[in-house]
Amino acid sequence: MSNDVTRCIEILNDAIAFEEEGIRFFSAKAETTTSDMERAIFLSLAKDEQGHRAHLIELRDDLIRTHDLTPLGNTEDDHRAPKEIFEVAMAEVQDPYEYKQEDLQILEGAMEVERKGYHMYANAAAEMTSEEAKKLFTHLAAEEQTHYDLLKNTYEYIKDPAGWHEYEEGAMLDG
């Protein structure tokens, strides 16, 4: 077995555990948040993490069986853009302007989870010599960045809805 195959299996095992942690984290936060918008976003993220976990298990198991890195490079761009997820969540809420300070802290924790995932995958990509493995881990890092962007957008909206709308709509101040 090549060094990249062995190392990919190790990284995929760590990544599966990380995604399981993310599923538990986002599911728990969905249950405890006071904001309907955050609940919808956390449930969406938990679902994304479940999909990532299943995909990673499949890749790991195939790699253990075949020792072939080629399938790792076959990443699909099937994720939704942060704006789309946010807009869906906004459409489902009744109280987007009502929040508690703890809601911002929950979002900060969620952003940290995604930041850790990004760094884990980016470091894995940098470590690989196989182009297929690099492509996989670069793709997974981009997924984590997408989740981070969504959470950051949500944080900014909840913190200052009026300011967020002005920024999103490109409002200009006359001077």
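A short tour of the structure in this document, coming up. Since we're looking at a predicted model, the values are computed, not measured.

### Section: the nonpolar core
Core analysis: the biggest nonpolar cluster contains 21 residues, and Cys8, Leu63, Leu72 and Phe137 have the highest contact counts within it. Of all the secondary structure elements, the ones that give two or more residues to this core are helix H1 (3–32), helix H2 (36–66), helix H4 (101–127) and helix H5 (131–159). When residues of this core are assigned to their parent elements, the largest contribution, seven residues, is made by H1. Apart from the residues lying within four places of it in its own chain, the contact partners of Leu63 are Val5, Cys8, Ile9, Leu12, Asp68, Leu69 and Leu72. One finds Met37, Ile41, Ala110 and Tyr157 within the second-largest nonpolar core, a separate group that totals 20 residues.

### Some thoughts on the packing of H1 against H2
Geometrically, a packed helix pair is captured by the angle between its two axes and the distance between the axes. It is at 8 Å that the axes of H1 and H2 come closest, and there the two elements cross at 160°. Viewed along their axes, H1 and H2 adopt a mutual orientation that is roughly antiparallel. Judged by the twist between their axes, the crossing of H1 over H2 is left-handed. Partitioning the contact of H1 with H2 into residue classes produces 18 nonpolar, five polar and seven charged.

### Some words on the packing of aromatic side chains
The relative placement of two aromatic rings is captured by the distance of their centres and the angle of their planes. All chains considered together, the criterion is met by three aromatic pairs. Both rings, one in Phe26 and one in Phe42, keep their centres 5.9 Å apart while their planes meet at 25°; by these two values the pair is stacked. On the criterion of sequence distance, the pair formed by Phe26 in helix H1 and Phe42 in helix H2 is long-range, its members being 16 residues apart. Each member of the pair, Phe26 together with Phe42, is buried. When the ring of Tyr121 is compared with that of Phe137, the centres are 6.5 Å apart and the planes differ by 15°; the resulting orientation is stacked. Linking Tyr121 in helix H4 with Phe137 in helix H5, this pair joins segments that are 16 residues apart in sequence. With a relative accessible area of 0%, Tyr121 lands in the buried category. Ring pairs connect the aromatic residues Phe25, Phe26 and Phe42, which therefore count as one cluster.

### Brief notes about unusual backbone geometry
With phi around 65°, His67 is a residue other than glycine that occupies positive phi space. With respect to the helices and strands, the residue His67 is situated in the loop between H2 and helix H3 (82–92). Judged by its relative accessible area of 37%, His67 is partly exposed.

### Concerning the pattern of salt bridges
Counted according to the given criterion, the structure contains seven salt bridges. Notably, a salt bridge pairs Arg7 with Glu10, separated by 3.0 Å at the nearest N-O pair. Residue Arg7 and its partner Glu10 are located together in helix H1, separated by three residues, close to a single helical turn. A salt bridge links Glu156 to Lys152, with the shortest nitrogen-to-oxygen separation between them at 3.1 Å. Here the residue Glu156 and the residue Lys152 both occupy positions in helix H5, the gap between them amounting to four residues, near one helical turn. Exposure remark for Glu156: the relative accessible area of 32% places this residue in the partly exposed category. Residue Lys152 is classed as partly exposed on the basis of its relative accessible area of 33%.

### Quick notes on empty space enclosed by the protein
One way to see where empty space is left: roll a probe the size of a water molecule over the atoms. Counted by the stated rule, this structure contains one cavity of 30 Å³ or more. Roughly 30 Å³ of internal volume is contained in the largest cavity. For the lining of the largest cavity, a count of residues per class yields four nonpolar, no polar and two charged.

### Some thoughts on the environment of Lys29
Within the secondary structure layout, Lys29 lies in helix H1. By relative accessible area, Lys29 is classed as partly exposed at 25%. In sequence terms Lys29 and Arg39 are 10 residues apart; their C-alpha atoms lie 7.4 Å from each other. In contact with Lys29, other than residues within four places in its own chain, are Phe42 and Ile106.

Criteria and cut-off values
Residues numbered from 1 in each chain as written. Predicted model: local features only at pLDDT ≥ 70, side-chain atom pairs only at ≥ 80, totals over all residues. Heavy atoms only, no water. Core = buried A, V, L, I, M, F, W, Y, C linked by side-chain atoms within 4.5 Å. Buried < 20%, exposed > 50% of the residue type's maximum accessible area, 1.4 Å probe, protein only. Helix = DSSP H or I, 4+ residues; strand = E, 2+ residues; numbered from the N terminus. Contact = heavy atoms within 4.5 Å. Axes fitted to C-alpha atoms, helices over the stretch in contact; angles between N-to-C directions. Parallel < 35°, antiparallel > 145°, perpendicular 65-115°, else oblique. Left-handed = near helix turned anticlockwise from the far one by under 90°. Nonpolar A, V, L, I, M, F, W, Y, C, P; charged D, E, K, R; others polar. Phe/Tyr/Trp six-rings, centres within 6.5 Å; stacked < 30°, edge-to-face > 60°. Salt bridge = Lys/Arg side-chain N within 4 Å of Asp/Glu carboxyl O. 1 Å grid on protein atoms, 1.4 Å probe; cavity = no way out; pocket = protein on both sides within 12 Å on 5 of 7 lines; lining within 4 Å. Points joined across faces, edges and corners; volume = space filled by probe spheres on them.

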